[in-house]
Amino acid sequence: NTSLRKLKTQFGSNEMAMLYMGQTAKVKNDFTKEELQEWYDKNREQYRIELQAKWQQLHISYSKHGGKAGAAKVLGEAIEKLRNGADFGEVCREFSDGPKAEAGGFWDWTKPDSLADSRVDRALFELPVGTISQPFETDSAYVLARVVERQEAGFTPFSEVEASIKSNLLQTARTDAASKVIDDLLTRSSIWTIFDKPGQPGIMTKPSS
């Protein structure tokens, strides 16, 4: 139930509405560095960085090697290769039987107190990056951990988010200005439908967003 004529009329009406909105809405189109800094300071928690680490794990289970003695022998072979300069990831692929063995023992960002063994957990945030831990004897396995990368706790610097803050504030300013124009039109306009009775005053309504 449409036609090219109706579409043309609708297009023209939309263009006129956009033109009116652009000429009427009073948009703040720029923000000073001081204003952006002030907004950042008030909303700093949005940019908090949590302490976390990426790491690798060499996991040698007792049960898969006939007990602790068998696992200790495999651990010794792995350590010997590491001492001779072998890549930790390659050693994990060869000797580890942990859930990430095929991926070189690599674990993605891990936060403090996320691991069952507190000693391994603590090592992730105490060892220098790139350093391999001492062997840990857990209830079920021998474990070596290596810190790949660590992100210290803090906040994303203002300089890194200044552009995005400005973009977001400009978008908010445009939206607020458009809403103000619509609210003003609604206070000065009578809106009615085909269901209103002849002579009945128009019903003031605000369109849903």
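You'll find the structure just up there.
Computed from a prediction, not measured in an experiment: that's the story for all the values here.

A. Spotlight on the overall build of the protein. Helices and strands together make up the secondary structure of the protein, namely six helices and six strands. From first element to last, N terminus to C terminus, the protein shows the α and β order α-α-β-β-α-α-β-α-β-β-β-α. Relative to a compact globule of 209 residues, whose C-alpha radius of gyration would be 17 Å, the protein shows 32 Å and is clearly more extended. On the principal axes, the C-alpha backbone points of the protein span a range of 95 × 50 × 30 Å. Out of the 209 residues in the protein, the part that is buried amounts to 30%. Taking the intrachain contacts of the protein between residues at least 6 apart in sequence as the baseline, contacts between residues at least 24 apart amount to 65%. Per element, the accessible surface of the protein, about 14500 Å² overall, is 53% carbon and sulfur. In the protein, which carries 28 positive and 30 negative side-chain charges, the distance between the mean positions of the two groups comes to 8 Å.

B. Representation of the nonpolar core within the structure. Leu58, Ile60, Leu75, Phe88, Val91, Phe95 and Leu144 are the most contacted members of the largest nonpolar core, which totals 15 residues. If you list the elements that add at least two residues to this core, you get β2 (52–61), α3 (68–83), α4 (88–95) and β5 (141–151). Looking at this core, the element that brings in the most residues is α3, giving six residues. Membership of the second largest hydrophobic core comes to 11 residues, among which are Val120, Leu124, Phe136 and Ala145.

C. Broad picture of helix α6 (residues 158–188). Here α6 contains 31 residues, and its C-alpha end-to-end distance of 43 Å stays within 8% of the 45 Å for a straight helix at 1.5 Å per residue. The largest bend along α6 reaches roughly 25° and is located at Ser164. Where α6 is concerned, the buried positions are Phe158, Val161, Ile165, Leu169, Leu170, Ala173, Ala177, Val181 and Leu186.

D. Up close: the packing of aromatic side chains. Scanning all chains against the criterion turns up four aromatic pairs. Here Tyr40 and Phe158 contribute two aromatic rings whose centre-to-centre distance is 5.5 Å and whose plane-to-plane angle is 65°, an arrangement assigned as edge-to-face. Here Tyr40, found in helix α2 (residues 33–42), pairs with Phe158, found in helix α6; they are 118 residues apart in sequence, far enough to count as distant. Each member of the pair Tyr40 and Phe158 is classed as buried. Members of the aromatic cluster, connected to one another through ring pairs, are Tyr40, Tyr47 and Phe158. Geometry around Phe155 places Arg44 over its ring, the cationic atom sitting 4.0 Å from the centre.

E. Quick look at the pairing of β2. Most of β2 is tucked away: 10 of the 10 residues are buried. Residues Gln52, Lys54, Gln56, Leu58 and Ile60 point to one face of β2 and Ala53, Trp55, Gln57, His59 and Ser61 to the other, with burial holding for every one of them. Pairing analysis gives 10 bridges linking β2 to β5, with the strands arranged antiparallel. Residue pairing for β5: Ile60 is matched across the bridge by Tyr142.

Rules and cut-offs
- Residues numbered from 1 in each chain as written.
- Predicted model: local features only at pLDDT ≥ 70, side-chain atom pairs only at ≥ 80, totals over all residues.
- Heavy atoms only, no water.
- Helix = DSSP H or I, 4+ residues; strand = E, 2+ residues; numbered from the N terminus.
- Rg over C-alpha atoms; globule rule 2.2 N^0.38 Å.
- Buried < 20%, exposed > 50% of the residue type's maximum accessible area, 1.4 Å probe, protein only.
- Contact = heavy atoms within 4.5 Å.
- Areas by Shrake-Rupley, 256 points an atom, 1.4 Å probe, with all protein chains shown as cover.
- Lys, Arg positive; Asp, Glu negative; His and termini not counted.
- Charge placed at Lys NZ, Arg CZ, Asp CG, Glu CD.
- Core = buried A, V, L, I, M, F, W, Y, C linked by side-chain atoms within 4.5 Å.
- Expected span 1.5 Å × (residues − 1).
- Bend = angle between axes of the 7 residues up to and from the residue.
- Phe/Tyr/Trp six-rings, centres within 6.5 Å; stacked < 30°, edge-to-face > 60°.
- Lys NZ or Arg CZ within 6 Å of the ring centre and 35° of its normal.
- Pairing = 2+ DSSP bridges.

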